[in-house]
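Architecture and fold: a report
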Amino acid sequence: MPNDQDAGPTTPGAASTDAGRLWGGRFSTGPDEAAWQLGVSTAFDRQLWRQDLAGSQAHAGELRRIGVLDDDEHAQMVAALDRCAELFLADDFPFLPSDEDVHGAIERWLVEDLGPLGGKLRAGRSRNDQIASDLRLWCRDACDELVELVGALQQAFVDQAETHLGWLAPGYTHLQRGQPVLLSHHLLAYVWMLDRDAGRLRDARARLDASVLASGALAGQTLGLDPQAYADALGFDRVIENSMDAVASRDFALEVLAACAILAVTISRLGEEIVLWATAEFGFARVGDAFSTGSSIMPQKRNPDVAELVRGKAGRVVGDLVSLLTTVKALPLTYDRDLQEDKEPVFDAVNTLRLVLPAITGTVASLTFDQERLAAAAVGGFALATDLAEELVRRGVPFREAHEVVGEVVRLAESKGVDLDGLDPEDLAAAHPALDPSVAELLDPRAAVDRRDGVNGTATSSVAAQLERAREAAARNTTP
Ligand code: ARG
């Protein structure tokens, strides 16, 4: 990505030059070098060049409308801003060590390019409303992009669920085998978790879609700029109601970060499951070669590094959320310079997910499942004990008693080293008269799965219908 590399250390003495400074008239000296180094933000806020230039184009239009720029000046300004965008696109924008931030750098360049005309663009705006606008625009695009990436991951699950429809798998609670399910039912659970993750990104996007330009430093401006014109030019849904809120608030960024953190945690849980499935102990799935790595010393190793990395990355995304929450928590209205710390966590969280989502999508698509091992695990561990207890309920036994009776049956089977279907009919009848030989047919895992035919159940018919709904959910996110 252009212009997001580290700007590197600024050269000594940068603070004493004022080429790029937007302020300084009221001071007798330039800033101290250490103070300057602390405040300079071009290394990271250069990522906002697109949004900043879009805001400046809108502003130039308003300055023409109110007569601060005449038509010719406006045309020159628009052309200069276009040239500036081309420089950024080519990764060729000439940042100087004396540029404090992306806004200052662009204004300095405009003045170099246009002469005094370049200095007209600052009228009626402040970096406080500029940065809030830039970050909102950046977050808006980021939400759209992440929703699409989530949709692609959902699609990978839908495809796997479709391919393996009908395969049995063990369902767990406490990581102990609980009840048999369809593998597809397990896979589709992630489609719905991810759908809520996408929904949170959409919600955050809808709430942040308000224009803040023409708020000035905090109180609005005196030139007659029309806030709605900026909303229209930048495609915002509406204008923010209050100029102080406009420059002070970062809850929009917190919401994006919260949505990112929860999404990262969903993916982390998935990563953990893939790690487990790929062990010799589980042996349920194999990760494709392209998403596995070897060991530098153990030639036989096949490690699920991608699944581990996405699990690990969740830590930093959660950290990004906590970082900004902590920055904002005690700030008085309106703008405080602490807010400059908003950008790096947001960029980091989004950029991390930009890496994570395609990698985990490829990993999920690459999984090959072991039907035999899954089926064998689906029947083990007395997984149909609940079915037996519920049959007793159907035969009039209170569940409390049925639970107790089947518990004893399990204990007996365990002592004999068999599963429930390995017990003699006499053993069952001795445990409870209602456990007659007809219960044997209950102890088939496929029948057990297909009995669970509620709309959200694991029966083959239910899962087939769920698969269609999951496909639609994935499509809603992949097609903007
Ligand atoms: N670089 C600043 C930020 O990221 C821009 C706003 C600076 N405003 C100010 N009054 N110093 O928040």
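Further remarks concern the pattern of salt bridges. One pass over the structure, following the stated rule, counts 30 salt bridges. As a salt-bridge pair, R207 and E255 come within 2.6 Å of each other at their nearest N and O atoms. Of this pair, R207 sits in helix α7 (residues 183-208) while E255 is found in helix α10 (residues 251-277), placing the two residues 48 residues apart along the sequence. We classify E255 as partly exposed; its relative accessible area is 25%. One salt bridge in this structure joins R395 and E391, with 2.8 Å as the shortest N-O distance. One network of salt bridges, with partners in common, ties together E100, D101, R127 and R337.

In this model, helix α3 (residues 49-65) (17 residues) spans 24 Å end to end at C-alpha, consistent with the 24 Å of a helix rising 1.5 Å per residue. All buried positions along α3 are accounted for by W49, Q51, D52, L53, G55, S56, A58, H59, A60, E62 and L63. Where the residues of α3 are buried, they touch α2 (42-45), α4 (71-89), α5 (102-114), α6 (127-163) and α8 (227-234). Two residues or fewer past α3, G67 is found with a positive phi of approximately 90°.

This part covers the pairing of strand β2 (residues 176-182). Across 6 bridges, strand β1 (residues 168-173) lies against β2 in antiparallel orientation. Pairing of A169 across the sheet is with V181, part of β2. Hairpin connection of β1 to β2: 2 residues between the antiparallel strands, including H174 at a positive phi of 55°.

Lining the immediate environment of the ligand, one finds S41, D101, R127, N128, I131, Y335, R337, Q340 and K343. Measuring from a nitrogen atom of the ligand, one finds a side-chain N or O atom of D101 at 3.4 Å. Considering the ligand on its own, with 350 Å² of exposed area, one finds that the protein chains cover 86% of that surface. Ranked by residues supplied to the shell around the ligand, first place goes to α6 with 3 residues.

This next bit is on the packing of α10 against helix α11 (residues 305-328). Put simply, α10 and α11 touch, their axes get as near as 8 Å, and they point 160° apart. If you check the angle between α10 and α11, you find them roughly antiparallel. For the element pair α10 and α11, the recorded crossing hand is left-handed. Looking at the contact of α10 with α11 residue by residue, the class counts come to 19 nonpolar, 2 polar and 4 charged.

The next point concerns the environment of D424. One can find D424 in the loop between α15 (399-416) and α16 (425-431). Separated by 315 residues in the primary sequence, D424 and W109 have C-alpha atoms spaced 88 Å apart.

Our next topic: the packing of α10 against helix α12 (residues 343-366). As a packed pair, α10 and α12 sit with axes 10 Å apart at the nearest point and diverge in direction by 30°. Here α10 is positioned roughly parallel relative to α12, judged by the angle of their axes. Judged by the sense of rotation from one axis to the other, the crossing of α10 with α12 is left-handed. Contacts between α10 and α12 involve A253, L257, C260, L263, A264, I267, L270 and I274 from the first element and P345, V346, A349, V350, L353, V356, L357, I360, T363 and V364 from the second. Grouping the constituent residues of the contact of α10 with α12 by class yields 17 nonpolar, 1 polar and no charged.

Here is what the cut-offs are and how they apply
Residues numbered from 1 in each chain as written. Predicted model: local features only at pLDDT ≥ 70, side-chain atom pairs only at ≥ 80, totals over all residues. Heavy atoms only, no water. Salt bridge = Lys/Arg side-chain N within 4 Å of Asp/Glu carboxyl O. Helix = DSSP H or I, 4+ residues; strand = E, 2+ residues; numbered from the N terminus. Buried < 20%, exposed > 50% of the residue type's maximum accessible area, 1.4 Å probe, protein only. Expected span 1.5 Å × (residues − 1). Contact = heavy atoms within 4.5 Å. Pairing = 2+ DSSP bridges. Near = heavy atom within 4 Å. Polar contact = N/O pair within 3.5 Å; in protein donor to acceptor, adjacent residues only side chain to side chain. Areas by Shrake-Rupley, 256 points an atom, 1.4 Å probe, with all protein chains shown as cover. Axes fitted to C-alpha atoms, helices over the stretch in contact; angles between N-to-C directions. Parallel < 35°, antiparallel > 145°, perpendicular 65-115°, else oblique. Left-handed = near helix turned anticlockwise from the far one by under 90°. Nonpolar A, V, L, I, M, F, W, Y, C, P; charged D, E, K, R; others polar.

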